[in-house]
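The chain contents come next:
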Amino acid sequence: MRDDETLDEAGEDICDQCGRLLDSEDVRIALVADSSAVHADSDRLDGQRLVLACSDEHLVRLQDVYARRPFVEPELWAGKIERALRRNRCWLSGRRLRRATGLSADQIRQALAWRTSGPALPPPRASGGELTAGG
Ligand SMILES: [Zn+2]
């Protein structure tokens, strides 16, 4: 219980594991590999995600989650393409897209194929397939 509730200034970051508000003096930080992480400003940080945790235990759990997540390069490339399109607010020719993303034509093709086929998401709800029982 706190009498003083003047923590608004520092209390913006939360633990990525449990959502707890982080104390700026007691935060754990790690950089993990993540092919879904594309940064708005810095291309050099693409594929890396900064994770914040409230304890050593939660930091280890987060690192474990990202270590087990497959690093899918076409996912990263698709993110770079989306960023390039956002920055240019329109379509880009193939050559300009290659220059803007630093990707090869083949990498762009793979990224678009990955985007089209989509990441394998589980169905929202596991239902029985008995909708057409009437025959
Ligand atoms: Zn936590």
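Residues numbered from 1 in each chain as written. Predicted model: local features only at pLDDT ≥ 70, side-chain atom pairs only at ≥ 80, totals over all residues.

A.B. asks: Where do I start with the overall build of the protein in this structure?
C.D. replies: From N to C terminus, the protein includes 4 helices and 2 strands. For the protein, the sequential pattern of α-helices and β-strands runs β-β-α-α-α-α. By residue count, 14% of the 135 residues in the protein fall in the buried class. (Helix = DSSP H or I, 4+ residues; strand = E, 2+ residues; numbered from the N terminus. Buried ≥ 20, exposed ≤ 12 C-beta atoms within 10 Å, placed from the backbone.)

A.B. asks: Help me understand the packing of helix H2 (residues 73–88) against helix H4 (residues 105–117), please; the structure alone is not making it clear to me.
C.D. replies: Pairs of packed helices are described in terms of their axes, by the angle between the two and the distance that separates them. Interhelical geometry of H2 versus H4 gives an angle of 100° and a closest axis separation of 8 Å. As summarised for this structure, H2 and H4 are arranged roughly perpendicular, according to the angle between their axes. Where H2 abuts H4, its residues Pro 74, Glu 75, Trp 77, Ala 78 and Ile 81 lie against Gln 107, Ile 108, Gln 110, Ala 111, Trp 114 and Arg 115. When the residues that make up the contact of H2 with H4 are grouped by side-chain class, the tally is 7 nonpolar, 2 polar and 2 charged. (Axes fitted to C-alpha atoms, helices over the stretch in contact; angles between N-to-C directions. Parallel < 35°, antiparallel > 145°, perpendicular 65-115°, else oblique. Contact = placed C-beta atoms within 7 Å. Nonpolar A, V, L, I, M, F, W, Y, C, P; charged D, E, K, R; others polar.)

A.B. asks: Help me understand the packing of H2 against helix H3 (residues 94–101) in this model?
C.D. replies: Close contact between H2 and H3 brings their axes to 9 Å; oriented N to C, the two are set at 110°. On the basis of the axis angle, H2 is roughly perpendicular to H3. Contact residues: Lys 80, Ile 81, Ala 84 and Asn 88 in H2; Leu 97, Ala 100 and Thr 101 in H3.

A.B. asks: Whenever I open this one, H2 confuses me. Can you help?
C.D. replies: An ideal rise of 1.5 Å per residue puts 22 Å on 16 residues; H2 measures up with 23 Å between its terminal C-alpha atoms. All of the buried residues along H2 are Leu 76, Trp 77, Ala 78, Gly 79, Lys 80 and Ile 81. Those residues of H2 hidden inside the fold are in contact with H3 and H4. At the exit of H2 stands Arg 89, carrying a positive phi of roughly 55°. (Expected span 1.5 Å × (residues − 1).)

A.B. asks: So what exactly am I meant to see when it comes to the environment of Gln 110 here?
C.D. replies: Take Gln 110: it is sitting in helix H4. The class for Gln 110 is partly exposed, based on 16 C-beta atoms found within 10 Å. For the pair Gln 110 and Pro 74, spaced 36 residues apart in sequence, the C-alpha separation works out to 5.9 Å. In contact with Gln 110, other than residues within four places in its own chain, are Pro 74 and Trp 77.

A.B. asks: What exactly am I supposed to notice about the nonpolar core here?
C.D. replies: What tends to happen in soluble globular proteins is that the nonpolar side chains get buried as a cluster. Counting 7 residues, the largest nonpolar core consists of Val 38, Leu 76, Trp 77, Ala 78, Ile 81, Leu 103 and Ala 111. With 4 residues, H2 is the largest single contributor of residues to this core. Listed in part, the 6 residues of the second largest apolar core include Val 51, Cys 54, Leu 59 and Leu 62. (Core = buried A, V, L, I, M, F, W, Y, C linked by C-beta atoms within 7 Å.)

A.B. asks: Please clarify how the environment of Arg 28 should be interpreted in this entry.
C.D. replies: Position of Arg 28 among the secondary structure elements: in strand E1 (residues 28–33). Sequence separation of Arg 28 and Asp 56 is 28 residues, and the distance between their C-alpha atoms is 6.8 Å. Apart from the residues within four sequence positions on either side, Arg 28 is in contact with Ala 53, Ser 55, Asp 56 and Leu 59.

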